[in-house]
Every structure is written in C-alpha cells, then in structure tokens.
Amino acid sequence: MVLSIVQSPELQSSSTVNSIFASRYVQDPLPRYKMGESSIPKEAAYQIIHDELLLDGNPRLNLASFVTTWMEPECDQLIMEGMNKNYVDMDEYPVTTELQNRCVNMIAHLFNAPVDETEAAVGVGTVGSSEAIMLAGLAFKKKWQNKRKAEGKSCSNPNIVTGSNVQVCWEKFARYFEVELKEVKVVEGYYVMDPTKAVEMVDENTICVAAILGSTYNGEFEDVKLLNDLLEQKNKTTGWDTPIHVDAASGGFVAPFLYPELVWDFRLPLVKSINVSGHKYGLVYAGVGWVIWRSKEDLPEELIFHINYLGADQPTFTLNFSKGSSQIIAQYYQFLRMGFEGYKNVMQNCMESARQLRQGLEKTGCFDIVSKEKGIPLVAFAFKDKAKQGLAFKLSKALRHYGWIIPAYNMPANAEHVIILRVVVREDFGRQLVEKLLSHMKIVLDELHDDDAPPVPKITFTIDLNPSVIKGEHGDGGVLHVPGASVYWKQEKPEIVHKEILLVDEKTKGIC
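Along each chain, residue indices are assigned from 1 in the same order as the chain's sequence is written. This being a predicted model, a pLDDT of at least 70 is required before a residue's local features are given, and a value of 80 or more before pairs of side-chain atoms are given or counted; all residues contribute to the totals for chains, interfaces and linings. As a convention, hydrogens and water are excluded, and side-chain values are obtained from all of the structure's heavy atoms.

- An unreviewed UniProt entry annotates the chain as Glutamate decarboxylase of Papaver nudicaule.
- UniProt positions are given in the numbering used here, feature names are shortened, and annotations may be inferred rather than shown by experiment. Heading Catalytic activity (unreviewed entry) of the UniProt record for the chain holds this comment: "L-glutamate + H(+) = 4-aminobutanoate + CO2".
- In the Cofactor (unreviewed entry) part of its UniProt record, the chain is described as follows: "pyridoxal 5'-phosphate".

**Topic: the packing of helix α6 (residues 129–150) against helix α7 (residues 168–176)**
(1) Moving on: Fitting a line to C-alpha atoms yields each axis, with helices limited to the stretch in contact; the angle taken between N-to-C directions then spans 0 to 180 degrees. A helix here means a DSSP run of H or I that spans at least four residues, while a strand means a run of E at least two residues long, and both kinds are numbered starting from the N terminus. Relative orientation of the contacting elements α6 and α7 amounts to 45°, with a least axis distance of 9 Å. Taken together, the axes of α6 and α7 are oblique relative to one another. Judged by the sense of rotation from one axis to the other, the crossing of α6 with α7 is right-handed. Between α6 and α7, the residues in contact are S130, I133, M134, G137 and L138 and C169, W170, K172, F173 and Y176, respectively.
(2) Moving on: Any residue outside Ala, Val, Leu, Ile, Met, Phe, Trp, Tyr, Cys, Pro, Asp, Glu, Lys and Arg is labelled polar, Gly included; the first ten of those are nonpolar and the last four are charged. Tallied by class, residues from the contact of α6 with α7 come to seven nonpolar, two polar and one charged. By the definition adopted for this analysis, an angle is roughly parallel if under 35 degrees, roughly antiparallel if over 145, roughly perpendicular if from 65 to 115, and oblique otherwise. Note on convention: the crossing is left-handed when the near helix lies turned anticlockwise from the far helix by less than a right angle, right-handed when the turn is clockwise. Contact between two residues is taken to exist if any of their heavy atoms lie within 4.5 Å; hydrogens are not considered.

**Section: the nonpolar core**
(1) Moving on: Among the buried residues, those of types Ala, Val, Leu, Ile, Met, Phe, Trp, Tyr and Cys that are joined through side-chain atoms within 4.5 Å form a nonpolar core. Only protein chains enter the accessibility calculation, which uses a 1.4 Å probe; a residue is then buried when its area is under 20% of its type maximum, exposed when over 50%, and partly exposed in between. By size, the foremost hydrophobic cluster in this structure holds 120 residues, and its most contacted members are V246, W264, W293, M347, L395 and L437.
(2) Moving on: For this core, the leading source of residues is helix α11 (residues 326–364), giving 15 residues.
(3) Moving on: With 14 residues, the next largest nonpolar core counts W144, I160, W170 and F173 among its residues.

**Concerning the packing of helix α4 (residues 73–82) against α11**
When two helices pack together, their arrangement is given by the angle between the helix axes and the distance between those axes.
(1) Moving on: Orientation of α4 relative to α11, taken along the N-to-C sense of each, is 150°, at an axis distance of 8 Å. Put simply, α4 runs roughly antiparallel to α11. Every pair of crossing elements has a handedness; the one defined by α4 and α11 is right-handed. Contacts between α4 and α11 involve E74, C75, L78, I79 and G82 on the former and, on the latter, S326, I329, A330 and Y333.
(2) Moving on: Grouping the constituent residues of the contact of α4 with α11 by class yields six nonpolar, two polar and one charged.

**A closer look at the sheet that holds strand β1 (residues 122–126)**
(1) Moving on: Read from one edge to the other, the open sheet built from seven strands follows the order β1-β7-β6-β5-β4-β2-β3, with strand pairing classed as mixed. Each end of this open sheet is capped by a strand with a single partner; those strands are β1 and β3 (180–184). Strand after strand, the sheet turns through a mean of 20° between neighbouring axes, direction not considered.
(2) Moving on: Strands were regarded as paired on the criterion that DSSP finds at least two bridges between them. With five bridges connecting them, β1 and strand β7 (residues 289–293) associate as antiparallel partners. Across the sheet, residue V122 finds its bridge partner in β7, namely W293.
(3) Moving on: Sheet strands in contact with helix α5 (residues 94–110) are β1, β6 (271–277) and β7, and its direction is about 60° off that of β7.

**Concerning the side chain of S396**
(1) Moving on: Following the sequence through the fold, S396 ends up in helix α12 (residues 391–399).
(2) Moving on: Here S396 falls in the buried class, since its relative accessible area comes to 1%.

**Some points on α5**
(1) Moving on: One fewer than the residue count of a helix, multiplied by 1.5 Å, yields its expected span. Taking 1.5 Å per residue, 17 residues should reach 24 Å; α5 reaches 24 Å between its end C-alpha atoms and fits that length.
(2) Moving on: For α5, the set of buried residues is T96, T97, L99, Q100, C103, V104, I107, A108 and L110.
(3) Moving on: The elements touched by buried residues of α5 are β1, α10 (255–258), β6, β7 and α11.
(4) Moving on: In the stretch just after α5, N112 is the one whose phi turns positive, near 60°.

**Let's talk about α12**
(1) Moving on: For α12, a buried count of eight out of nine residues is recorded, marking the element as mostly surrounded by other parts of the structure.
(2) Moving on: Residues of α12 that are buried: L391, A392, F393, K394, L395, S396, A398 and L399.

**Considerations on the pairing of β7**
Within a regular strand, the side chains alternate between the two sheet faces.
(1) Moving on: The element β7 is largely enclosed, with a buried count of five among its five residues.
(2) Moving on: Both β6 and β7 contribute to a ladder of five bridges, which runs antiparallel. Bridge pairing in β7 links N275 to V291.

See the structure below:
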C-alpha cells in the first residue's frame, strides 16, 4: 500500500509527528534483504532510520574506543562542505591535495624526520592505521625482496617480528601478504614486547621488527630505543640491515606533547617508517590515518603507481582509490586550530582525567592497576582477587545498564588467564564524567559483593499426614481428624540467586 502524503512545514518540524507519520507510512516490515518496490518520502526515510539508530550506544560513553567522538562545530561544518570531494582527484582538487601534503610535513617534523624546512616529507594519508601498516609492511617486504634477489638468495620466506600484544591489523598483514608473523609472547606483569627476546628472533628473512608506542591492551610504550640499540649490534655482527617500524597508532599524537625527551621516532637510525591514527589522539572523527617514511629510499618506487586519466600525472600509493576528503580537511583544521600548545593542553587534560579515574579505582580496594602512568591516557585494571577475575565480564555488562561501554577481555597468549577492563580517556571524557562513572562503578561493585555474601540456609520440611474424614450431617462441612503426623527435615545445598543483570557471563566483543 502506497500513501500519497504531503507534509506541511508544521508537521516536518515535529519529530514526534514525524515518527507517527513514518510508522503509518511503512505498512510492511522494513526491507532488510532486498530493496523496496516503491519510494517513500524523504521525511519518512529520515525518521525511520533516525529512530532505529536511537538504539545504538552513546559514542561519548563508549570508553572501549580510542576513536574521536567530538569535534568543534566549525570543523563539523568543514567536514560537511568537503564530503562531496573525492580525495584522489588531485588535479580537480589541488588545494585539498596541498592540505594533505601539509599534514604529512607537519607529522614528519613532529616525529623528527631528517628533512629540512623546504624539503617535502615522504608519507600519505590513509583511512586509518590498518591501511597505513599494510603500506609500510609492503614497503619493507619489497625492499627485502629486492636485496635478496640482488644477492642471489631466496626471498620466499619473509617474516616479521612483533609482540603478541599487537593489534589485529598486523595479523591481517601477515596473512594477506604471506609473511610469517613471529610473536614475542608477553608474560604476566610484563604485557609488551621484550626487546631482547625480539632481537633473538630476528633472522636473515626478517623484513622488520614492529614496536608499539601505546599498546592496545594497557596503553604502555614499548622500549624502541633499547630495541634499536640491540638490533644495531646484531646487524653489525651478522651483516644484516633489519629495520624497525613503529606502530604509533595511539601514542604518536601523545608522546611528542607529553614526553618530548622520550626517544622513539626518527631520531633512531633504524626506524624507517611510523604510522599514526589521526582519528585517535589526532582528534579527528573516524576515517584518517598516516604513514610517514624516513626518506624516499625507504619507499620502493615500484610500489607507487602513476595515473593520468583524471587530468594530470598523479602518483598514488594506497590500498583503496576513491574516498572522501573530509577527514583530511578535518586533520588540517586541528593542526591549524590547536597548534603544539593546544594538543599539549588536551593531552595533559586527558592524563589528569586518567589519574583521577585511577585514584578512584584504587580507593575501592578491589582492583590492581595494570596500565602505566607513562603511556597513553587510559586506565586498565583487574580484580585483585584472582579467583574473582571472571567478575570483570559481569562488571562490564552491568555498567552497560548505565550506558557505559567498558570492555573486559583476556590478555594475549601466555597471559590469557589475566582478565582486565580498560577505560580509554578521550578529550570529551572530562572529570565530571569520571566522577559519574566511579559512582556507578561503586553501585555495581556493591551489587556484586552482595551476591558473594553467604547464602541463607534453606531447609525443606516434609510432613506425612494420615487423616480420616468424617462427613457432616448435611454435607456442608466436615471435620479433619489427624491422629498422627511425622515431620522430616533436611538442609539443602546453598543456592545463590543472581540479579538479572548479572546472569549472562560473556565477553565484551572486540578491542578498538
């Protein structure tokens, strides 16, 4: 059934009436597997989707994700203005291309790349750090292959050395591009890659060693300088030239502002490329990452494609082609608007909120803090009582009833018996929200503790009766005669009845 309805401006201005209008318009179930046969008014389409999206979680309360969930209205406007520009059409949109190049240069200087003020840095914008890591990995693989071929050696078994705490995109790279992934296992109490063990795993087929600046699991920085020093010694001994890639997806926009004395970047000679996520602490909405190379020599020319069917010669090195320009524009807005001082202030505020949260959790007496004070702004914590670590999943689920999304998960292989919760502190998670989270945390912990209290004994009585019945004279009553009764009792096995919100014991899915 198709209705022909024209809404008045008054009707369009009322979201409640719009909802009623949309529900009346769609008589059949919403199409899920194939397109509907008929068109519907734009107001109805908007309201249907708008109402359904209300069931999503609140991005501001999603403390599982590193991804930026708030930007200034002026930047939101620029994003809307740039949505219809295709990023790859460099000849048609030369200013957008120039903004990308400026961002690459700014990040390269932030990471102390050996380029002077007038020299263009080598790098590219991506849809996130996953694509950036794929591109960096391909560059390492191609350089290794070229060298092996020049030496007349086999290039059929490349490998890469990482810690077992790496993000899943490294596993994707290894599987998609046929590279063996050699992982340094973490151990309880030390949840990042051990540089000494990593260098021991390096062989002549290692295309690079990947270090993480800001572990996904607990926010800790790996010791890139020690890795560089140990690897330099091994390279001198063996004659190899195994390089380092730094996965700074989370920490790349934190360390330069909070820990300028920390040496982890291009100041180390073996660091050949670095990736960073603009949509994390780069303070841009989801959809932008960056990869920067030390020099042109570190990006093999055969990986760069040149096209001219869009109007001019355009070099391109990406895994995808068309994409919007909005996130590139938004990144440049943040660099221009914030400057070094602005980013430093934001990161300091985030760390202060993380400190407040950490202190609040410690005061409960229930948790051990797993994250380090020097790292990215997050707080990872586990129940002190090892016998109660499974409560982490129940705590995570219970907090969802207040809107909070806080993941509970097992640590990587070799420490998977450790179950932690993690709160990512972003720019829009201020101290007022920290206090509210702690108050809700206390309520849930009290409920969990109530469930752990000793149960009230339950006793079952069984009474055997041997009655005789004497009927009344008129059938309207009678007398129950009980000549004897026996009472038996036993204490049953204690039983704890959990509250409904704690019944399901399952993991929070995914680590962002």
